[in-house]
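Below are the chains, spelled out letter by letter.
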Amino acid sequence: MVHALNHIGDLLELSGAGRFRSGAYRNAARAIRDMPTDQLHSLVRAGELAQVRGIGPSTLSVIVELIETGESSYLERLRAEVPEGLVELLDIPGFGPERISKLHADLGVDSLDTLEAAARDGRLAALPRMGSRTVAKILAGIERVREQRGMALYPHALVEANLLLVVVAGHSSVERAAVAGMVRRKCEVIGEIDIVAAVRGDCAAVAAELTSVPNMREPSKATDGSVAVRLVDGTRLNLHCVQAGEFAVALWRATGSPEHVREIEQHAKTRGLTVARNRLLDTKRTPKPIASEAEFYAALGLPYIEPELREGLGEVRAAIDNELPALITADDIRGVLHCHTQYSDGSASIDQMVASARARGWSYLGISDHSRAAAYAGGLSTEAVYAQHAEIDRINDELRGASSDFRVLKGIEADILIDGRLDYEPELLDQFDYAIGSVHSRFALDQAAMTERVLRAMDDPHLTILGHPTGRLLLRREPYAIDIESILAKAAALGVAIELNADPRRLDLDWRHCQVAKRLGCAIEIGPDAHSVAGLSNVEIGVGIARKGWLGPADVLNATGSADVLKWAVSRRAGA
Ligand SMILES: [Zn+2]
Ligand SMILES: [Zn+2]
């Protein structure tokens, strides 16, 4: 809602409608920014929103439409009117409508391409107050916008893929259909959705009919049963229509990365077999019947390779050598250690979080609210820490009284301060069962300084777990500069667990580093970083990423029981 109103303000300004009209939408966005959703809805129902300062008649009608339909016809109209190239420039860090309008007037910049040309041929640098560093920053910004065009976070892509699957599977000629590609491999950001469909009759004809999927922007011509459709949010749908007998091999082909597919094709050749499109041909080039992916791999003399592993990063070699790892599953998770409550910036009480954790079949829940230095997130004062601990003691007493083995653990997400100290005095840190240390500020340090800061934090034996170790926000903020290998090596040596933060916007530690961590012997904690009851479900996404990183239950701290977690923290604190 706030985003939509601000976006209308930006578009109005870009369209030349003037700052007065765009200002009205920015004021409205500001007026409702801090308003809880139910309050906003009840004000609208009571017809009282117009009395709120900052809301005018035109903004009111837009808000009402957004609440009732989730959309704004006014926003849609503006989007159609303002040149797409100009709108795209808004995504460059530091670019607002005023700056864009000025560059448009001065240099004729109207898209990423024309902006890049002006940056490269020196016209941009010739403008007043535009140094070479600023130009370099703008070029980097253009690069990032290009990279992220049409990229979606995993959970969004998953929802979209499942909606599209329903449409495809519902077609009268489709016998069965499945999601493949990056979504099935559980990649953290996704640019293309792949769906494989077994169809009756002419594949190309069915594919052509299916190009009218919802949210389609550009239809595309079906060739030999494959069709690519560009969706309104920029993501691409690749639909692969095949005969029923080809479904398993087609699903395999549409799931693996190009490297995985190539390596498997090469391996087939070494056994005298040929993977020809969606069929496996024997030595006489006769198609072998293949009913499932497991049968396909077996026909090649290989164990089944889980979709998450099919990245072409050593899994084919490991399969040939019969050394594939036994991957962790969500059922292996015994409890979680990273969640926030109403004590800091979470939306649920400890009781509510505990009830949900128990319903999920876990045997413990560690509460890790923000520490004092994180003032923006309601970090806990010393008094609040003691009040929270009293509440946790009360809940644990009740659990014991009810003969439950479930335990609530006293944790904290302590800021790693600029000098590498943990927030709070050692005496207070002693009161917690464990501490997650996280960097939440001063991200711009150079690599040597940031690495030193985190290495120093690990020297404090209170630090049990290093939280979201690179600080990245997917599609929004790059990881901070840090020498992750030396961090992992020291963590392994000292017995500090490394977090795989399972918030789908973070997924940090990156799965590509999980294999390194595992090789070095680091324990990994999969932390939902939940700020609500629903946020506890992040764990499942984190488990998917852990699987991509080849991790098994033995590599994961919270795949052990609460007694083992406590033992881990105690031995760490004893410096043992
Ligand atoms: Zn954090
Ligand atoms: Zn957190």
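Of all hydrophobic cores here, the largest spans 96 residues; its most connected members are Ile-195, Ile-333, Leu-365, Val-408, Ile-498 and Ile-526. With six residues, the single largest contributor to this core is helix H10 (residues 154-169). Residue contributions to this core reach at least three from each of two domains, namely domain 2 (152-242) and domain 4 (330-573). What Ile-526 contacts, discounting residues up to four positions off in sequence, is Ile-328, Ile-333, Leu-500, Ala-502, Val-539, Gly-542, Val-543, Ala-546, Val-556 and Asn-558. Ala-28, Leu-49, Leu-66 and Leu-139 belong to the second-largest nonpolar core, a separate cluster that totals 44 residues.

Our next topic: unusual backbone geometry. Cis geometry marks the peptide bond from Asp-508 to Leu-509, where omega comes out at 25 degrees. Within the element layout of this structure, Leu-509 appears in the loop between strand S16 (497-501) and helix H22 (511-520). In the Ramachandran plot, Ser-403 falls in the positive-phi region, its phi being about 55 degrees despite a non-glycine side chain. Mapped onto the elements, Ser-403 comes out in the loop between helix H18 (382-401) and strand S13 (407-415). Classification of Ser-403 as exposed rests on a relative accessible area of 66%. The backbone phi angle of Tyr-424 is positive, close to 85 degrees, even though this residue is not glycine. Tracing the sequence through the fold places Tyr-424 in the loop between S13 and helix H19 (426-429).

This part covers the pattern of salt bridges. The final tally for this structure, using the stated rule, is 35 salt bridges. Arg-512 is the salt-bridge partner of Glu-188, the closest N and O atoms lying 2.9 Å from each other. Placement of the pair is Glu-188 in the loop between helix H11 (181-184) and strand S3 (189-190) and Arg-512 in helix H22, with a sequence separation of 324 residues. In this structure, Arg-547 engages Glu-308 in a salt bridge whose closest nitrogen and oxygen atoms are separated by 2.7 Å. With Arg-547 in helix H23 (residues 538-548) and Glu-308 in the loop between helix H15 (293-299) and helix H16 (315-320), the pair connects residues that are 239 residues apart, well separated along the chain. Taken together, the shared-partner salt bridges in this structure form one network comprising Lys-186, Glu-306, Glu-308 and Arg-547.

Here we take up the environment of Val-249. Here Val-249 is to be found in helix H13 (residues 247-255). When sequence neighbours within four positions are dropped, the list of residues in contact with Val-249 reads Val-275, Arg-277, Asn-278, Arg-279, Ile-290 and Phe-296.

With antiparallel pairing, three strands are arranged side by side in an open sheet as S8-S9-S10. Looking at strand neighbours, the two that pair on one side only are strand S8 (274-276) and strand S10 (287-288), the edges of this open sheet. Pairing of strand S9 (residues 279-281) with S10 involves two bridges; the strand directions are antiparallel. When the sheet's bridge partners are listed, Leu-280 is paired in S10 with Lys-288.

Taken together, the protein donors to the zinc ion (ligand 2) comprise His-338 (NE2), His-340 (NE2), Glu-413 (OE) and Asp-529 (OD), at separations of 2.1 to 2.2 Å. Between the four donor atoms coordinating the zinc ion (ligand 2), the angles at the centre fall across 83 to 171 degrees, so the site counts as irregular. Taken in chain order, the donor set of the zinc ion (ligand 2) reads H-x1-H-x72-E-x115-D. Separating the zinc ion (ligand 2) and the zinc ion (ligand 1) is a distance of 3.4 Å, and Glu-413 donates to both of them. Highlighted residues: His-340 in the loop between strand S11 (335-336) and helix H17 (350-359) and Asp-529 in the loop between strand S17 (524-527) and H23, separated in sequence by 189 residues. One exposure class covers both His-340 and Asp-529, and it is buried.

A word on the coordination of the zinc ion (ligand 1). Here the zinc ion (ligand 1) is held by Glu-413 (OE), His-440 (NE2) and His-468 (NE2), and the distances to it run 2.1 to 2.2 Å. Each donor residue of the zinc ion (ligand 1) belongs to the same chain, and together they define the spacing E-x26-H-x27-H. Using a relative accessible area of 13% as the deciding quantity, one classes His-440 as buried. Owing to a relative accessible area of 0%, His-468 belongs among the buried residues under this scheme.

Another point: the sheet that holds strand S14 (residues 436-438). Strand order in this open sheet of seven strands is S11-S12-S13-S14-S15-S16-S17, and the pairing throughout is parallel. Only two strands of the sheet have a single neighbouring strand rather than two, namely S11 and S17. On the sheet, H18 packs against strand S12 (364-370) and S13 and is oriented at approximately 160 degrees with respect to S13.

Helix H4 (residues 57-69) packs onto helix H2 (residues 19-33) with a crossing angle of 55 degrees between their chain directions and a minimal axis gap of 9 Å. Between H2 and H4, the angle falls in the class oblique. H4 is crossed by H2, and the crossing has right-handed handedness. Along the contact surface, H2 presents Ala-24, Tyr-25 and Ala-28, while H4 presents Ser-58, Thr-59 and Val-62. Within the contact of H2 with H4, the residues separate by chemical class into four nonpolar, two polar and no charged.

Conventions we followed
- Residues numbered from 1 in each chain as written.
- Chains lettered and ligands numbered in written order.
- Predicted model: local features only at pLDDT ≥ 70, side-chain atom pairs only at ≥ 80, totals over all residues.
- Heavy atoms only, no water.
- Core = buried A, V, L, I, M, F, W, Y, C linked by side-chain atoms within 4.5 Å.
- Buried < 20%, exposed > 50% of the residue type's maximum accessible area, 1.4 Å probe, protein only.
- Helix = DSSP H or I, 4+ residues; strand = E, 2+ residues; numbered from the N terminus.
- Domains from an automatic or database assignment.
- Contact = heavy atoms within 4.5 Å.
- Salt bridge = Lys/Arg side-chain N within 4 Å of Asp/Glu carboxyl O.
- Pairing = 2+ DSSP bridges.
- Donors = N, O, S within 2.8 Å, 3.2 Å for Na, K, Ca; no water.
- Tetrahedral: all angles 85-135°; square planar, octahedral: opposite > 155°, others 65-115°.
- Axes fitted to C-alpha atoms, helices over the stretch in contact; angles between N-to-C directions.
- Parallel < 35°, antiparallel > 145°, perpendicular 65-115°, else oblique.
- Left-handed = near helix turned anticlockwise from the far one by under 90°.
- Nonpolar A, V, L, I, M, F, W, Y, C, P; charged D, E, K, R; others polar.

Remember that the coordinates give geometry; whether it matters functionally is a separate question.
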